[in-house]
Every structure is written in C-alpha cells, then in structure tokens.
Amino acid sequence: MIVLDQTLLFHLEDDKTNRGVEFFLPEDCRALRFECEYSPKFIEDKALSLRAVRASIGRYVPRYQLPQYAQNLKMGETLVNLLTFSLDHEGIYLGCAHRHAAHQVHTLSAAGSSPGFVRHGATAGHWRAVINVHSITSPEVAYRLIVSALREGENP
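Quick notes on the rules
Residues numbered from 1 in each chain as written. Predicted model: local features only at pLDDT ≥ 70, side-chain atom pairs only at ≥ 80, totals over all residues. Heavy atoms only, no water. Helix = DSSP H or I, 4+ residues; strand = E, 2+ residues; numbered from the N terminus. Buried < 20%, exposed > 50% of the residue type's maximum accessible area, 1.4 Å probe, protein only. Polar contact = N/O pair within 3.5 Å; in protein donor to acceptor, adjacent residues only side chain to side chain. Contact = heavy atoms within 4.5 Å. Disulfide = S-S within 2.5 Å. Pairing = 2+ DSSP bridges. Axes fitted to C-alpha atoms, helices over the stretch in contact; angles between N-to-C directions.

Undergrad: Would you explain the side chain of Ser114 in this entry?
TA: Among the structural elements, Ser114 can be located in the loop between strand E8 (103-108) and strand E9 (125-135). Ser114 sits in the buried class, given a relative accessible area of 12%. Engagement of the side chain of Ser114 in a polar contact is seen with the backbone nitrogen of Thr107, the distance being 2.8 Å. Apart from the residues within four sequence positions on either side, Ser114 is in contact with Val105, His106 and Thr107.

Right, here's the structure in full:
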C-alpha cells in the first residue's frame, strides 16, 4: 500500500536546510519501505560549476589561502547535489541514510532495518521524513519520496 508519493523541488536558496515531509500510517504493518530519488546528481555544466565554486569558496577556504586557490582553480572536478534522508516516528528519531547515491531504498521493521536506522515497528501514527539538503549547486533539484507500507506476506 502506497502511503506517500511526493516530489519536492529544491532550489539554490534551500542549500544547507532541512525539509520535513509528514505522513500518517493508518494501521500497523509488517514494514515500511522508503524509496528516495533525486535529480540531477551531477552538475555537467562547467560554467555553472565554476560560478558555484567562485560563489562559495570564501566560506570554506581561509582568507589567507584564497589567492592560492584562485590561482589553481581547476574545473576538471564534477560538482554534485547531495540530499539525504532521516526519519522520525511520533517525535522519536529513528536514524538516517547520509549516503551519496541519488537513488536509495530503505526499509524499517521490528525484525530489522536498513543500515543507519534502528529496528522499529511499522506502527500506526504520525511519521516524518526529513530531507537534509547538504549541497545544491544546480538551479533546481527534484526529490521524489515514495513510502510503502508492507503487510504480512508482501515483499519489498
């Protein structure tokens, strides 16, 4: 049973923020499955990458080293967007998946959960997924979250 299927749009001003996505599970289930996917992952536009590096280099490089970095700025590096996923149930933090893959699937159940999450029953009540926006470099990033409740006998 699909509990939530939502696409969120993030923009440059959302960099270094978190966005909660609340949903309600009407009944206890065997497990919850969270499919997370965002795009684009890689920033292919070299001019966009160069602007992003120039705009933020001062936040991460000490002032006295800025001339050295400005001289040696190489744009052979590929920049990425990075959005990750955390989960709460009834106000209790259940874990996170701070990984780099743009497509991830996580499960949560009393029998066992994906790495980064505690074992926890897929119990009825208020849930909150949190999208952690670590880095946005492209003008827009689309993040899709599908939450499925699995009943007894259903496979992820």
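Undergrad: Please clarify how the state of the cysteines should be interpreted in this entry.
TA: One covalent bond between the sulfur atoms of two cysteine residues makes up a disulfide. Applying the stated criterion to the full structure yields zero disulfides. In this model Cys36 remains outside any disulfide bridge; the closest cysteine sulfur is found in Cys96, 12 Å from its own.

Undergrad: Quick question: what am I supposed to make of the sheet that holds strand E10 (residues 140-150) here?
TA: Strand pairing within a sheet occurs via backbone hydrogen bonds; the two strands may be parallel or antiparallel. Taken in spatial order, the four strands of this open sheet run E1-E10-E3-E8, and their pairing is antiparallel. Either end of the sheet is taken by a strand with one partner, and the two such strands are strand E1 (2-11) and E8. On average, adjacent strands in this sheet sit at an angle of 15° to one another, irrespective of strand direction. By the bridge criterion, nine bridges tie E1 to E10 in an arrangement that is antiparallel. Its bridge partner lying in E10, Leu9 is registered against Ala142.

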